[in-house]
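Each chain is listed here by its residues.
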Amino acid sequence: MAPSSHPLLLLALAVALLLPPSATADPDAVQDYCVPDAGARGRPLDPSLLPTYPCRNPTNLTASDFAFAGVRAAGNFSADTGFAGISVTPAQFPALHTLGVSFARADLSAAGGVNPPHYHPRATETALVLAGRVYAGFVDSGGRLFAKVLEKGEVMVFPKAMVHFQMNVGDEPATVYGTFNSENPGIVRIPATVFGSGIKDGVLERAFGLDPTELRRLEKRFGPPKTKLSEMED
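Residues numbered from 1 in each chain as written. Predicted model: local features only at pLDDT ≥ 70, side-chain atom pairs only at ≥ 80, totals over all residues. Heavy atoms only, no water.

The name an unreviewed UniProt entry assigns to the chain is Germin-like protein, from the organism Urochloa decumbens. We quote the UniProt Subunit (unreviewed entry) comment for the chain here in full: "Oligomer (believed to be a pentamer but probably hexamer)." Taken from UniProt, the Sequence similarities (unreviewed entry) comment for the chain reads in full: "Belongs to the germin family." (UniProt positions renumbered as here; feature names shortened; annotations may be inferred.)

This is the structure:
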């Protein structure tokens, strides 16, 4: 290596040493799997404490520990949207712990059932249509819409943190199976977050061009305000 390149090498090494751990990639797993031992704490599995649970002894595990039957049937349908969703993370299926994946089943009632616009802040999603015809899409950070009708057996990807949606455009109920590249993808539902979170009325009226009557109707539909964490009081 030429002497003139030494300062650049030293600079690169210094930057690498100073970067916080969060700036680097996740480390590879050092074991095949880690099914958390909930019994070690003497109470049901607490998702917020997952990293602190010891792994169960592999010799005590069976195939049943790596199988899950909780998405064989649809969840409870919303009367407003015709949507039923079941999310599966390590909290419901402990064998997913440390594997970096999770999944969900979404069912849409016939004649316009819709999974309202939402996004997952920590994961990219792939959505496979198991039954029906589904209009699905996402909007990128530049405001461009990517949407099309998906037939049974087709898959669409929703990039991480992009707002996306699905709507049944067929005559029969539709089912979508979603997978995520995160154990805890999170979900932010746009309508409920905007109109059901207790944001001050003046903000919403000005931002969306709503009058007080329209705003009351939307707030009533999307539920009572959550506990406010804002420093501003009404």
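(A) Structural view of the packing of aromatic side chains. Evaluated as defined, the whole model comprises nine aromatic pairs. With centroids separated by 5.1 Å and ring planes inclined at 15 degrees, the aromatic side chains of Phe 138 and Phe 146 adopt a geometry described as stacked. Residue Phe 146 is classed as partly exposed on the basis of its relative accessible area of 29%. Counting every residue linked through ring pairs, the aromatic cluster contains Phe 68, Phe 93, Phe 103 and Tyr 177. (Phe/Tyr/Trp six-rings, centres within 6.5 Å; stacked < 30°, edge-to-face > 60°. Buried < 20%, exposed > 50% of the residue type's maximum accessible area, 1.4 Å probe, protein only.)

(B) How the structure looks around the environment of Gly 209. Relative to the helices and strands, Gly 209 resides in the loop between helix 3 (201–208) and helix 4 (212–221). With a relative accessible area of 62%, Gly 209 lands in the exposed category. If near-sequence neighbours (up to four positions away) are discounted, Gly 209 is found in contact with Leu 204 and Glu 214. (Helix = DSSP H or I, 4+ residues; strand = E, 2+ residues; numbered from the N terminus. Contact = heavy atoms within 4.5 Å.)

(C) Inspection of the sheet that holds strand 1 (residues 83–88) at higher detail. Read across the open sheet, the five strands follow the order 1-2-9-4-7; overall the sheet is antiparallel. Across the chains shown, the open sheet's two edge strands, defined by having one partner strand only, are strand 1 and strand 7 (155–158). When strand polarity is set aside, the average angle formed by the axes of neighbouring strands in this sheet is 20 degrees. Pairing between strand 1 and strand 2 (residues 102–108): six bridges, direction antiparallel. (Pairing = 2+ DSSP bridges. Axes fitted to C-alpha atoms, helices over the stretch in contact; angles between N-to-C directions.)

(D) The arrangement of the pairing of strand 7 in detail. Only one face of strand 7 is covered, namely the face carrying Met 156 and Phe 158; the face carrying Val 155 and Val 157 is uncovered. Note: strand 4 (residues 125–131) against strand 7, four bridges, orientation antiparallel. Paired with Glu 125 across the bridge in strand 7 is Phe 158.

(E) Quick look at the environment of Ser 109. Here Ser 109 is to be found in the loop between strand 2 and strand 3 (114–119). With relative accessibility at 25%, the residue Ser 109 sits in the partly exposed group. If sequence neighbours within four positions are ignored, Ser 109 has contacts with Phe 77, Gly 82, Asn 168 and Pro 173.

(F) Broad picture of the UniProt feature "binding site: Mn(2+)" (unreviewed entry) in the chain. Summarizing the sequence annotation, UniProt attributes the feature "binding site: Mn(2+)" (unreviewed entry) to His 118, His 120, Glu 125 and His 164 in the numbering used throughout. Spatial clustering of the annotated residues is evident: they stretch over 47 residues in sequence, but the largest pairwise C-alpha distance comes to 11.9 Å. The residues touching His 120, leaving out its near neighbours within four places in the chain, are Glu 125, Lys 160, Ala 161, His 164, Phe 180, Pro 185, Gly 186 and Ile 187. Along the chain, His 164 falls in strand 8 (residues 163–168). Taking the relative accessible area as the measure of exposure, His 164 reaches 1% and is therefore buried. Sequence-distant contacts of His 164, that is, excluding residues within four places in its chain, are made with Pro 116, Pro 117, His 118, Tyr 119, His 120, Glu 125, Gly 137, Phe 138 and Phe 158. A distance of 3.4 Å separates polar atoms of two side chains, one belonging to His 164 and the other to His 120. (Polar contact = N/O pair within 3.5 Å; in protein donor to acceptor, adjacent residues only side chain to side chain.)

(G) Structural view of the sheet that holds strand 3. Reading across the sheet, the five strands line up as 6-5-8-3-10 and stay open at both edges, with antiparallel pairing between neighbours. Pairing within the sheet leaves two strands with one partner each, and these edge strands are strand 6 (145–150) and strand 10 (188–189). Bridge count between strand 5 (residues 134–139) and strand 8: six bridges; the pairing is antiparallel. Bridging from a neighbouring strand, Phe 138 pairs with His 164 of strand 8.

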